[in-house]
Amino acid sequence: MKTSNALLFILVLLYINASTQWPTHTVCKEDNLEIYYKSCDPQQDFALSIDHCPDIATHTFNIRAAAVLGHSIKELYIKLDMIVNGKTVLTYSETLCGPGHSKLIFCGKKKGEHVYYEGPVTLGIKEIPQGDYTISAKLTNQDHVIVACADFTVKNYLDYY
């Protein structure tokens with residue numbers, strides 16, 4: 001009996017590992033603004049939520065984000081691509097953790113540790129661009145390994161005037 005249970009457990013784990021598609025999560029769904037995300041890291045998904053969706057466009061808003069690290073982060077880099085109709089139209093990159101400068105409280109965390117952030121975020125822009133587009137976000141560490149990766153689908157029809 002123990003052998004059959006162990007075999008069944010191993011088969012379930014193999015099936016889960018063979019599946020590289022994570023579900024699409026809803027971050028925000030209001031009348032004129034929808035934001036969804038899907039992890040593009042085949043090894044892990046992560047959690048993200050926003051307290052008050054309309055504040056994203058013009059204010060500081062509170063988020064909660066959590067993940068279990070699959071890789072240590074002595075150094076952490078972010079790259080964001082804005083993709084419209086399958087073409088990258090804007091790219092942004094920044095060092096978040098590095099020698100002598102750490103912008104995040106979880107810089108230096110080790111593989112297997114939990115990363116959790118709850119607090120304010122300000123995008124630093126006056127308005128979110130209107131239309132339908134994708135924001136691809138990749139966090140990589142000092143070894144150029146993906147720590148977290150997500151594609152955000154944005155559908156924004158807010159009227160800013």
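Residues numbered from 1 in each chain as written. Predicted model: local features only at pLDDT ≥ 70, side-chain atom pairs only at ≥ 80, totals over all residues. Heavy atoms only, no water.

All right, on to unusual backbone geometry then. Residues other than glycine seldom take positive phi values, yet asparagine 85 does so here, at roughly 50°. Relative accessible area serves as the criterion here: at 76%, asparagine 85 is assigned to the exposed category. A positive phi angle, close to 65°, is found at histidine 144, a residue other than glycine. (Buried < 20%, exposed > 50% of the residue type's maximum accessible area, 1.4 Å probe, protein only.)

Strand order in the open sheet made by the 3 strands is β3-β4-β8, with antiparallel pairing throughout. At either end of the open sheet lies a strand with only one pairing partner, and these are β3 (47-50) and β8 (114-121). Shown here is a sheet whose adjacent strand axes are inclined to one another by a mean of 10°, direction ignored. Here β3 pairs with strand β4 (residues 61-68) via 4 bridges, running antiparallel. Bridge pairing in β4 links isoleucine 50 to isoleucine 63. (Pairing = 2+ DSSP bridges. Helix = DSSP H or I, 4+ residues; strand = E, 2+ residues; numbered from the N terminus. Axes fitted to C-alpha atoms, helices over the stretch in contact; angles between N-to-C directions.)

Looking now at the packing of aromatic side chains. Within a pair of aromatic rings, the relevant descriptors are the distance that separates the centres and the angle that separates the planes. In the structure shown here, the tally under the stated rule is 2 aromatic pairs. Seen from their ring centres, tyrosine 37 and phenylalanine 46 are 4.9 Å apart, and the 20° between their planes marks the pair as stacked. The pair tyrosine 37 / phenylalanine 46 is uniform in exposure class, with both members buried. Aromatic pair tyrosine 37 and phenylalanine 152: ring centres 5.7 Å apart, planes at 35°, arrangement tilted. Linking tyrosine 37 in strand β2 (residues 33-39) with phenylalanine 152 in strand β10 (residues 146-156), this pair joins segments that are 115 residues apart in sequence. Here tyrosine 37 matches phenylalanine 152 in class, with each residue buried. Each member of the aromatic cluster is reached from another via a ring pair, and the members are Tyr37, Phe46 and Phe152. (Phe/Tyr/Trp six-rings, centres within 6.5 Å; stacked < 30°, edge-to-face > 60°.)

What follows deals with the sheet that holds strand β9 (residues 131-141). Read from one edge of the open sheet, 7 strands run β1-β2-β10-β9-β5-β6-β7, paired in antiparallel fashion. Whereas interior strands pair on both sides, the edge strands pair on one side only; in this sheet they are β1 (25-29) and β7 (101-102). Strand direction decides the pairing type here: strand β6 (residues 87-98) and β7, joined by 2 bridges, are antiparallel. Each bridged residue has a counterpart across the sheet, and for glycine 98 the counterpart in β7 is histidine 101.

With that settled, consider the environment of valine 68. In this structure, valine 68 sits in strand β4. Separated by 43 residues in the primary sequence, valine 68 and lysine 111 have C-alpha atoms spaced 7.9 Å apart.

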